[in-house]
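What follows is the residue order along each chain.
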Amino acid sequence: VDVETTGLLPGYHEMVDIGMIMTDLEGREVDRLFVRLQPEHPERTSEGARAVNAFDPKEWASLGALSPKDAVERIVSFHQGAARGRDVLLVAYNSHFDAAFLDHLFRGQGRTWRELYYYFVLDIPSMAWSLGLRQLDGSSLTKALGIEDEPHVASEHTGLTGADVNVRVYRALRERQT
């Protein structure tokens, strides 16, 4: 999972998109989802966030961004189809950040993201640390692992490009284990 947001404060800032790639435990892709969300308070967008993800309310509307309610329904539907009744572990590069924004999105719709995911959350930098890697920021870690990083051009940087790099890092870390 990777989310892009209007800022760093869940509950004040909101998600503008989410990328999800469901894999098996070995990192083989099962399915993927990308959803743009139209935040209810776009005026709260920080300039730092805009510089990372190029969020613009008019552009998002023209790209078919969903309301929070419709986004939650789409995420739940995707999850149910891809998981097929199996327990799913949320894996993210900054798992606390992504989980906090998922929590805020789902609570705003009277639901919980825990209906989708198993109790534990796996943080990718913690995996890297346990294998002796000390390059924990995304670009440094992808370089250390010799894999492609995600785009650093705001208009090309999405939750799905982040989820793609998360899967590449996960696979590379699993290979280092063996």
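For the structure, check the block above.
These lines cover the structure that appears in this document, whether it is placed above or below.

The rules behind these values
Residues numbered from 1 in each chain as written. Predicted model: local features only at pLDDT ≥ 70, side-chain atom pairs only at ≥ 80, totals over all residues. Heavy atoms only, no water. Pairing = 2+ DSSP bridges. Helix = DSSP H or I, 4+ residues; strand = E, 2+ residues; numbered from the N terminus. Axes fitted to C-alpha atoms, helices over the stretch in contact; angles between N-to-C directions. Contact = heavy atoms within 4.5 Å. Phe/Tyr/Trp six-rings, centres within 6.5 Å; stacked < 30°, edge-to-face > 60°. Buried < 20%, exposed > 50% of the residue type's maximum accessible area, 1.4 Å probe, protein only. Lys NZ or Arg CZ within 6 Å of the ring centre and 35° of its normal. Salt bridge = Lys/Arg side-chain N within 4 Å of Asp/Glu carboxyl O.

Take the sheet that holds strand E2 (residues 15-23) next. Sheet architecture is open: 3 strands sit in the order E1-E2-E3, paired in antiparallel fashion. With partners counted over all chains shown, the strands left at the sheet margins are strand E1 (2-5) and strand E3 (29-36), one partner each. Here the strands of the sheet are splayed against their neighbours by 5° on average, with no regard to which way each runs. Looking at chain direction, E2 and E3 are connected through 7 bridges and run antiparallel. Bridged to isoleucine 21 within E3 is arginine 32. Against the sheet, helix H4 (residues 95-107) contacts E1 and E2, and its axis sits at roughly 70° relative to E1.

Further remarks concern the packing of aromatic side chains. Counted according to the given criterion, the structure contains 5 aromatic pairs. With 6.0 Å between their ring centres and 55° between their planes, tryptophan 113 and tyrosine 117 make a pair best called tilted. The exposure class of tyrosine 117 is buried, given its relative accessible area of 9%. On the numbers, 5.4 Å between centres and 75° between planes, the contact of tyrosine 119 with phenylalanine 120 is edge-to-face. A residue is classified by how much of its surface remains accessible, and phenylalanine 120, at 48% relative accessible area, is partly exposed. Site record: aromatic cluster; members linked through ring pairs are Tyr118, Tyr119 and Phe120. Looking at arginine 36, its charged tip hangs above the ring of tryptophan 60, at a distance of 4.7 Å from the centre.

Right, let's talk about the pattern of salt bridges for a bit. A full pass over the atoms with the stated rule returns 8 salt bridges. Across the pair glutamate 47 and arginine 50 runs a salt bridge, and its minimum N-O distance is 3.5 Å. Within this pair, glutamate 47 and its partner arginine 50 are both found in helix H1 (residues 47-53), separated by 3 residues, close to a single helical turn. A residue is classified by how much of its surface remains accessible, and glutamate 47, at 56% relative accessible area, is exposed. For arginine 50, a relative accessible area of 28% gives the class partly exposed. In this structure, aspartate 103 and arginine 107 form a salt bridge, with 2.9 Å as the shortest nitrogen-oxygen distance. Note that aspartate 103 and arginine 107 are positioned in helix H4 at a spacing of 4 residues, about one turn of the helix. What makes arginine 107 exposed here is its relative accessible area of 59%.

This paragraph deals with unusual backbone geometry. Despite not being glycine, alanine 54 shows a phi value in the positive range, around 60°. One can find alanine 54 in the loop between H1 and helix H2 (57-62). Residue classification places alanine 54 among the partly exposed residues on the basis of a relative accessible area of 28%. Here arginine 84, not a glycine, exhibits a phi torsion of approximately 50°, which is positive.

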